[in-house]
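The residues making up each chain are set out below.
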Amino acid sequence: MAVRFILNHVLLNKAVQAQRLHSNDLQVFGVLSARRIWCQQPLFVWFQIRPMTSSRRVQDRSKNKRIHHLEIVKEKWKISSKVLFLMEVLKKEPEMVIPVRSLYQYRKKINLPKPHKITDFIGKCPKLFELYKDQRGTLWCGMTKEAEDLLEEEEKLIEEQSTKAVEFVTRILMMSVDKRIQLDKIAVFRRDFGLPIDFRTKWVNQYPQSFRVVKSKDGIEFLELVNWNPAWAITELEKKALGLNDGIGREPGLLSLPFPLKFPPNYKKLYRHGGKIEHFQKRSYLSPYADARELKAGSLEFDKRAVAVMHELLSFTIEKRLVTDHLTHFRWELVMPQKLMRLLLKHFGIFYVSERGKRFSVFLTEAYEGSELIEKCPLVLWKEKVLSLVGYRGKKKEIPTFSDLIDMEEKDFIEGGTELDNIGAEFEGEETMDVLEAVSLTNNDELEIARVCSAYKETDKT
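Residues numbered from 1 in each chain as written. Predicted model: local features only at pLDDT ≥ 70, side-chain atom pairs only at ≥ 80, totals over all residues. Heavy atoms only, no water.

**Student:** What should I look at first to understand the pairing of strand β11 (residues 361-364) in this one?
**Tutor:** Remember that side chains alternate between the two faces of the sheet whenever the strand is regular. Of the two faces of β11, both are covered, the one formed by S361 and F363 as well as the one formed by V362 and L364. Direction of pairing for strand β9 (residues 321-323) relative to β11: antiparallel, over a ladder of 3 bridges. Bridge assignment links L322 to a residue of β11, and that residue is V362. With 4 bridges joining them, strand β10 (residues 351-354) and β11 adopt antiparallel strand pairing. Pairing of Y352 across the sheet is with F363, part of β11. With antiparallel pairing between neighbouring strands as the criterion, β10 and β11 make up a hairpin whose turn holds 6 residues, including G357 at a positive phi of roughly 85 degrees. (Buried < 20%, exposed > 50% of the residue type's maximum accessible area, 1.4 Å probe, protein only. Helix = DSSP H or I, 4+ residues; strand = E, 2+ residues; numbered from the N terminus. Pairing = 2+ DSSP bridges.)

Following this line, the structure appears as C-alpha cells:
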C-alpha cells in the first residue's frame, strides 16, 4: 500500500508539472504568433539565436589607421601639459613656491595616478623645478631662474599675439547660433588659442568693440558678439585656396572647396572608399559663418558643414590639435552632430584621432609633415623650448635642507657669486637630453617617450 501511495503521488506531481509546462508553452507560442502577425515574419525566425551586438570602441576602429608621427606629437603634448600646468600653479603663489603636499590636490589635473609620486614627477624636470626642505623638514617646490624667465617670455609672446587671439575668439562667436557662447566653454580653449591666464577676469574686458560679458537669469556668464566683422567671415580654407585676405563684399553662403587630404604611406585607400571620398569632396556645403538653423540633422549637408566647422576650429589653434572633449562642448552652439567622434573617424585624411591616454585628441592632418608642424607660431617654438629642458639621466642626490641653502648662499657671497641656480636638485652625472630621449614604455612613465619613438620606427619597418 505504501509503495502504491508513493507511485500515485509521484505520478500526480508529474501530471501537474506537465500541465504547467503545457500552459507555459501555450503562452510562449501565443506571444510568438502575435509577434509573427505584427512583424509579418515566419515563426521559425523567432527560434533562431540572435548574436549580441556590441559597439566597437574608438581604439578598435582606429588601430588600423594609426599615424605614428602624430602619436609622438600626442606624447609630447601629454608631457608639456603636465609641466605647464605645474608652472602655472607655482606662478599663482605669492613667492612662486608651494609645499609639495599641497600639490597632491592637483593629482587628477596633472593626470598622475597612484602609485606615482609628485616628487618623482618634479624630479624629472631639474632645470625647471627645484625641491628643498625648510627648518621643520617640510618639502617645498619652486621654479628655477630659467623657468621664471620662460614664464616672462610667454607673457610677452601672448601679448604680441593678442590681436590674432581676439580675431579667433570673435570668429568663434560669429559661427555660433546665437552669437554668444558660455564663457567657461571658451576658457577651456585658453592654451590652445594662446590666451592669457587672466582670460576670464581681465582679458575679455579689454576688447569691448568685439565682444562683451553678459549674465543670464541663472547667473551664467556668456561671451557675446558686439559687432559682426565681414572681413573675418571667411574660412581659412578660402584664404589658402582662393588667395583671399578678407571676406569684405562677400556674404557667407554655399562653398564647394575640397578639403586637403593627407593619408599615411601605409594606408590603402580602397576603390569603394575612394569613390565615397570623391563624392564627398564635390558636394557643396554651407559656410561655417552662415546661418545653419534650417539644416536637418543627419543630412549630408549637415555633416559636411560640421566638418567645415571642425576644420575651422582646428585652424585657429596654435598646434592644429584639440582634445575631443573640448569640441563636444560646442555641439549645440556651432550646430554639430551628437555623435561627433563618429564623424571625425569617418573623415580620416582630413582629421586624425589619437586615442593614447585618457583623453582623445584630434589633429588637422594637413598642418603636419611627419611629427612637425609645417607652420610654427612663436608660442609653439616657446613650448618646444620648455620641452627641451625636460628629462635627465643620472643619480639623484639628497634634497638640500634649509641650513644647506644658507651655507651655499654664504659660500657664493664670499666667492663673489651673485645667483644660485638649480639649488633644489643636483644630480651626479647629470645629462641633459632631448625630451624624446627621456622615456621608457616599460614603466608606463608619461615623462619618458624615447622608446615610444623607437617602437614606432620598428613598427614601421615591419
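So, next bit.
**Student:** Would you mind going over helix α8 (residues 162-175) with me for this structure?
**Tutor:** An α-helical turn contains 3.6 residues, so a residue and the one three or four places further along point in the same direction. Taking 1.5 Å of rise per residue, 14 residues should cover 20 Å, and α8 covers 20 Å from first to last C-alpha, within 8% of that figure. Among the 14 residues of α8, 12 are classified as buried, and the element is accordingly described as predominantly covered. Buried within α8 we find S162, A165, V166, E167, F168, V169, T170, R171, I172, L173, M174 and M175. (Expected span 1.5 Å × (residues − 1).)

**Student:** Explain the nonpolar core to me, please; I cannot follow it from the model alone.
**Tutor:** Within soluble globular proteins, side chains that are nonpolar generally end up buried alongside one another. W203 and F351 are the most contacted members of the largest nonpolar core, which totals 54 residues. When neighbours within four sequence positions are excluded, F351 is seen to be in contact with V307, M310, H311, L314, L344, V362, F363, L364 and T365. Residues V73, V89, F348 and V380 belong to the second largest nonpolar core, which totals 45 residues. (Core = buried A, V, L, I, M, F, W, Y, C linked by side-chain atoms within 4.5 Å. Contact = heavy atoms within 4.5 Å.)

**Student:** Could you clarify how one ought to interpret the sheet that holds strand β5 (residues 211-215) in this entry?
**Tutor:** The strands making up a sheet are joined through hydrogen bonds of the backbone, oriented either antiparallel or parallel. Here we have 3 strands laid out as an open sheet, ordered β4-β6-β5, and antiparallel in their pairing. Two strands close off the open sheet at either side, each with one partner strand: β4 (180-182) and β5. On average, each strand axis in the sheet is inclined to that of its neighbour by 30 degrees, with strand direction left out of account. Sheet topology places β5 next to strand β6 (residues 221-225); 5 bridges connect them, and they run antiparallel. Its bridge partner lying in β6, K215 is registered against E221. On the sheet, α8 packs against β4, β5 and β6 and is oriented at approximately 95 degrees with respect to β6. (Axes fitted to C-alpha atoms, helices over the stretch in contact; angles between N-to-C directions.)

**Student:** Just checking my understanding: could you explain the packing of helix α7 (residues 145-160) against helix α15 (residues 378-387) for this structure?
**Tutor:** How two helices pack is summed up by the angle between their axes together with the distance between the axes. Interaxial distance between α7 and α15 falls to 10 Å at its minimum, and their mutual angle equals 170 degrees. Between α7 and α15, the crossing angle belongs to the class labelled roughly antiparallel. For the pair α7 and α15, contact is made by L150, E153, E154, L157 and I158 and by P378, L379, W382, K385 and V386, respectively. Of the residues in the contact of α7 with α15, the class split is 7 nonpolar, no polar and 3 charged. (Parallel < 35°, antiparallel > 145°, perpendicular 65-115°, else oblique. Nonpolar A, V, L, I, M, F, W, Y, C, P; charged D, E, K, R; others polar.)

**Student:** Is there a simple way to think about the pattern of salt bridges in this case?
**Tutor:** For the coordinates displayed, the defined rule picks out 27 salt bridges. One salt bridge in this structure joins K385 and E153, with 3.0 Å as the shortest N-O distance. With K385 in helix α15 and E153 in helix α7, the pair connects residues that are 232 residues apart, well separated along the chain. A relative accessible area of 27% means that E153 is categorised as partly exposed. E369 is the partner of K262 in a salt bridge, and the nearest nitrogen-oxygen pair spans 3.6 Å. You can see K262 sitting in the loop between β7 (254-255) and α11 (271-282) and its partner E369 sitting in strand β12 (residues 368-369), a full 107 residues away along the chain. Of the residues examined, K262 reaches a relative accessible area of 29% and is grouped as partly exposed. Classification of E369 as exposed rests on a relative accessible area of 56%. In the salt-bridge network here, residues are joined through shared partners; they are K164, E167, R171, E236, K239 and E312. (Salt bridge = Lys/Arg side-chain N within 4 Å of Asp/Glu carboxyl O.)

**Student:** Before we go on, may I ask you to explain the packing of α8 against helix α12 (residues 300-316) in this structure?
**Tutor:** Where α8 contacts α12, the two axes come as close as 10 Å, and the packing angle between them is 165 degrees. By the angle between their axes, α8 is roughly antiparallel relative to α12. Crossing of α8 over α12 shows left-handed handedness. Facing α8, whose interface residues are F168, R171, I172 and M175, α12 presents R305, E312, L313 and F316. Class assignment for the residues of the contact of α8 with α12 results in 5 nonpolar, no polar and 3 charged. (Left-handed = near helix turned anticlockwise from the far one by under 90°.)

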